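Results of the structural survey
Here are the chains, one letter per residue:
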Amino acid sequence: MSEAIKLLIVDDEIKYLESIAKRLEIRGLEVTKATNGQEAVALARSRKFDLALLDLKMPGMNGRQVLEILKKEHKFIEVIILTGHGSLESAVECTKLGAFGYLPKPYELEQLLDILKDAYQARLRNKFEADREKTDRILQLATGSSALGILRELRRLDDEEK
Amino acid sequence: MPEKESSVPPPGADTPSERYYRELLGKNFLRLALTYLAPLILLTVYFTLQYRAVSREGRRLHLRSVAEHQANMMDLFLSERVVNLANLIDDPKLPLPPTSGLMEALLNRLQKNSPSFVDVGFFDSTGIQRAYAGPLPYLENRNYSHEAWFISLRSGEENFIITDVYLGLRQQPHFTLAVRRIIGGQYFVLRATLDPKSITDYLHSLGESRNTAFSIVNRSGTLQLATPEIGTPMQASPLVPPVSPRIGDQRVRRGHQKVDYAYAWMRTAGWGVVVRDIEGENGVPLLGNLFGVMAFSLAPILVVLSIIVFRSKKLVQMQIERETAKAQFEHAAKLASVGELSAGIAHEINNPLAIISEEVGLIRDLMNPEFKMHTTFDDLIPHLDNIREAVYRCRDITRKLLSFVRKDAIHLKPHDVNQLLDDVVDGLLIREMAVSNIQIVKNYSCELPSIVTDANQLTQVLLNILNNAADAIEPPGAITIATSCASGWLSVAIADTGKGITQEMMGRIFLPFYTTKEVGKGTGLGLSVSYGIVKSLGGDILVESIPGKGSVFTVRLPVS
């Protein structure tokens, strides 16, 4: 089996964090836990995550702020908002800020897995879409200026892949 | 075994609400009665007095005019009688002295003129009655030269005399009319006596004197003529009018009563006519009219009274309804302030529920043979404990909410305000504040006296102000709660680092339904109800604010 899906979970409710992490680990996901926003941002800077589960209301940096930083710094990460605060406005607000979806606590594990699946799909689609654009640009670059110029452009494209 | 508390009041005793109802009714009745009835009664009294004064004045003028009229009539009457007498003696065909037979004829002529003539006599200068006709023939040849009237007539300026009523030789009340003449150098007097009773009848027959009693007195206060109610001639008059002015009226006290009378002095004789009301001493008809006036003004008073009774009952009903409505309103506001909390409360409850849900799921996973976890009972214990703990967290939250929302009767008990604050802050708010990045700083005074108050109501006020403070803050921020006590007042100051209150908002923050929150988020009832509650607890809410910096709400409560 190849590499597992890398998931970041951020919640100030430690017991909740432990149990949900454990359950997802049992199911083969690679879970990293953070109990507050600062910790989450620091972790995301040192490692790459495919998906993130984010509690909205936390002491210190709240879920919204973490969401904005994650989306800015990581092009293909998909973030799902978790909260006990079940109102439609905050859901809409978060999806506007780039969250993939929204899951009110408490929920069934199946619901979580469903949304994780959808989010991963979206991530892959975005990624492949970006790859295809790059392939197109490689083809365009191949018929143009001097060999050295093309070489430099290609190198820049490669750098964008992060 | 403890004694069972009796919930049924003893028979005859009022329930507090009945007593309250009656007190309210009494108060309302008094107020309305004072407002509406008092002016009406004053008006009635005023008009009654006014009516009495006017009617007495009218009566007085009436009596006066009657007196004057009677005096004139008497003057006219007596003048006519003098003329009757003078006509006889001035007749040139009268032989001097006349014979007795002629005297009879003269008397007849006089009596044709007026039946009040009793007899007629002819006197020479010596005062001997030379001729006489009348019921007392033995008077003929009597000597009258020492009689007062004869002397007065002889020495007086006038050619005639009208005497007072006297008994004289005949020992019967009568008065004398005499005319003197000097004929052929000789002094003669023709004299007639008149019966006072017939004059009384005559005056009565004039009709003017209905409802009045009249009498005629001489200047020394002796009755000359009188209606029977007053007395008989020759008696002293009960009323003696003053000599001047000629016509007047007076009010005199006779025994317990006051008597109004009018008088007029005659010109022909030294007599005065005295007139007063017949019925009662002070006019029974007056009193009768007075009752009429009273009855007439009593009717509207009774109407107003019944309206007042009706209105005050209605007012009490309205007042009670309003108080009930106010209580319901306060309760609604309490619910509303909980509603404003509910977003935070949802977070508070949903978190432990999520823990339970996850732990249950995890236990299933651990026991699931599919995952081959080889779980022992000991492995499960921490998870079960977590579930238990989460359940109790939920229970604590719901319990606190319920205890706050419950519509309790007001219970005044000594309370430690610091403790109440801790219940609100630690019980309901602190986690909500923490996740919202609002720091709570407690700055309690440790020497706070306990105050007698209603915990539920005070909690509502504190919760409300704390909610508002949290709402005003753009996180991160802080709420500082300070308690203190000085000169009989206990203060709870709640300071926030929020957006503050502008000058124009300041005037409206305590108004019902004034809110700065989004539609559907705030009811605008919190502060207005809080203000009402603190006022009813004898305290006050003070507000200071710097826009952009924050606000301080201070709840002041009396210590005693």
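Residue indices begin from 1 for each chain and proceed along its sequence in written order. Ligands are numbered from 1 and chains lettered from A, in the order in which they are written. pLDDT decides what is reported in this predicted model: residues at 70 or higher carry local features, side-chain atom pairs at 80 or more are listed and counted, and totals for whole chains, interfaces and linings draw on all residues regardless. Calculated side-chain values reflect all of the structure's heavy atoms, with hydrogen atoms and water omitted.

Concerning the overall build of chain A
Helices and strands together make up the secondary structure of chain A, namely 6 helices and 5 strands. The secondary structure listing takes helices from DSSP runs of H or I that are at least 4 residues long and strands from runs of E that are at least 2 residues long, numbered from the N terminus. Moving toward the C terminus, one meets the helices and strands of chain A in the order β-α-β-α-β-α-β-α-β-α-α. Contacts are residue-level and defined by heavy atoms, with any inter-residue pair within 4.5 Å sufficient. Taking contacts inside chain A between residues at least 6 apart in sequence as the whole, the part at least 24 apart equals 59%. Per-residue accessibility takes into account occlusion by the displayed protein chains alone, with areas from the Shrake-Rupley method and a 1.4 Å probe. For chain A, the accessible area works out to roughly 8800 Å², and carbon and sulfur atoms hold 53% of it.

Notes on the overall build of chain B
When helices and strands are tallied, chain B shows 10 helices and 17 strands. Burial here depends on accessible area, computed with a 1.4 Å probe over protein chains only, as a share of the maximum for the residue type. Under 20% is buried, over 50% is exposed, and the range in between is partly exposed. For chain B, buried positions account for 42% of its 560 residues. Relative to all contacts within chain B whose residues are 6 or more apart in sequence, the contacts with residues 24 or more apart total 62%. In the structure as shown, chain B presents an accessible area of about 30100 Å², 58% of it carried by carbon and sulfur atoms.

Overview of empty space enclosed by the protein
Any empty space left between the atoms is revealed when a probe the size of a water molecule rolls over them. Residue and element names in this part refer to chain B. Grid points spaced at 1 Å and placed over the protein atoms alone form the basis of the search, with a cavity being a set where a 1.4 Å probe fits but cannot get out and a pocket an open set showing protein on both sides within 12 Å along at least five of seven lines. Lining residues have an atom within 4 Å of a point. Grid points are joined across faces, edges and corners, and a volume is the space filled by probe spheres set on the points. This model, assessed by the stated rule, comprises 2 cavities of 30 Å³ or more. As a volume, the largest cavity reaches approximately 60 Å³. Looking at the largest cavity, the residues that line it are L139, Y144, E147, Y166, G168, L169, R170, H174 and R191. For this classification, Asp, Glu, Lys and Arg are treated as charged, while Ala, Val, Leu, Ile, Met, Phe, Trp, Tyr, Cys and Pro are nonpolar and the rest, including Gly, are polar. Split into classes, the residues belonging to the lining of the largest cavity amount to 4 nonpolar, 2 polar and 3 charged. Counted as a void, the second largest cavity has a volume near 30 Å³.

Some points on the pattern of salt bridges
When their charged atoms lie close together, side chains carrying opposite charge are able to pair. When a carboxyl oxygen of Asp or Glu lies within 4 Å of a side-chain nitrogen of Lys or Arg, that pair is called a salt bridge. The tally for this structure, following the rule as stated, stands at 27 salt bridges over all chains. Between R393 of chain B and E13 of chain A there is a salt bridge, and its shortest N-O distance comes to 3.0 Å. Of this pair, R393 of chain B sits in helix α6 (residues 377-405) while E13 of chain A is found in the loop between β1 (6-10) and α1 (14-26), placing the two residues in two different chains. The partner of D249 of chain B in a salt bridge is R64 of chain B, with the nearest N and O atoms 3.0 Å apart. Of this pair, D249 of chain B sits in strand β8 (residues 247-254) while R64 of chain B is found in helix α1 (residues 16-89), placing the two residues 185 residues apart along the sequence. Each of R23 and R27 of chain A together with E358 and D365 of chain B takes part in salt bridges that share partners, so that together they form one network.

Some points on the environment of L54 of chain A
Along the chain, L54 of chain A falls in strand β3 (residues 51-55). Once residues within four sequence positions are removed from consideration, L54 of chain A is found in contact with V10, G63, V66, L67, V79, I80, I81 and L82 of chain A.

Details of the pairing of strand β1 (residues 117-123) of chain B
Residue and element names in this part refer to chain B. Extensive coverage of β1 is indicated by the burial of 6 of its 7 residues. Pairs of strands are assigned from DSSP output, requiring at least two bridges between the strands. Inspection of the sheet shows β1 paired to strand β5 (residues 186-194) by 6 bridges, in the antiparallel sense. Within β5, the residue paired with D119 across the bridge is T193. Relative to strand β2 (residues 129-133), β1 runs antiparallel, the two being bridged by 4 bridges. For G121, the partnering residue across the bridge sits in β2 and is Y132.

Side note on the interface of chain A and chain B
On the side of chain B, 26 residues touch chain A, which itself brings 21 residues to the contact. Here's the idea: put two parts together, see how much 1.4 Å probe accessible area each one loses, and the total over both is what we call buried area. For the pairing of chain A and chain B, the buried interface totals around 2100 Å² over both sides, and the portion due to carbon and sulfur atoms is 53%. Taken together, chain A and chain B are joined by 5 salt bridges. Two residues, R23 of chain A and D365 of chain B, come together in a salt bridge whose shortest N-O distance is 2.9 Å. Here a polar contact is taken to be a pair of N or O atoms separated by no more than 3.5 Å, where protein atoms must pair a possible hydrogen donor with a possible acceptor and residues adjacent in sequence count only if both atoms sit in side chains. Our enumeration of links across chain A and chain B arrives at 9 residue pairs in polar contact (both at pLDDT 80 or more). Per-element accounting of the side of chain A that touches chain B gives the leading share, 7 residues, to α1 of chain A. Within the side of chain A that touches chain B, the residues separate by chemical class into 7 nonpolar, 5 polar and 9 charged.

Regarding the sheet that holds strand β12 (residues 438-443) of chain B
Backbone hydrogen bonds hold the strands of a sheet together, and the pairing may be parallel or antiparallel. Residue and element names in this part refer to chain B. Taken in spatial order, the 5 strands make up an open sheet running β12-β14-β15-β17-β16, and their pairing is mixed. In this open sheet, the two strands that pair with only one neighbour each are β12 and β16 (540-546). Averaged over neighbouring strand pairs, the angle between their axes works out to 15° when direction is ignored. Contacting β12, β14 (477-486), β15 (489-496) and β17 (550-558), helix α8 (residues 455-472) runs over the sheet at an angle of about 25° to β15. In this fold helix α10 (residues 526-536) packs onto β16 and β17, with an angle of close to 135° to the strand it touches most, β16. Fitted lines through C-alpha atoms serve as axes, helices being fitted only where they are in contact, and the angles separating the N-to-C directions of these axes extend from 0 to 180 degrees.

With respect to the packing of aromatic side chains
All names here are of chain B. Ring pairs are drawn from Phe, Tyr and Trp, using the six-membered ring of Trp, whenever the two centres fall within 6.5 Å, and their geometry is named by plane angle: stacked under 30 degrees, edge-to-face over 60, tilted for the rest. If you walk through the whole model with that rule in mind, you get 10 aromatic pairs over all chains. Ring geometry for Y144 against W149: centres 6.1 Å apart, planes inclined by 55°, an arrangement best described as tilted. Ring centres of F175 and W271 lie 5.0 Å apart, and the angle between their planes is 80°; on these two criteria the pair is classed as edge-to-face. You can see F175 sitting in strand β4 (residues 175-183) and its partner W271 sitting in strand β10 (residues 271-277), a full 96 residues away along the chain. Here F175 falls in the buried class, since its relative accessible area comes to 0%. What makes W271 buried here is its relative accessible area of 0%.

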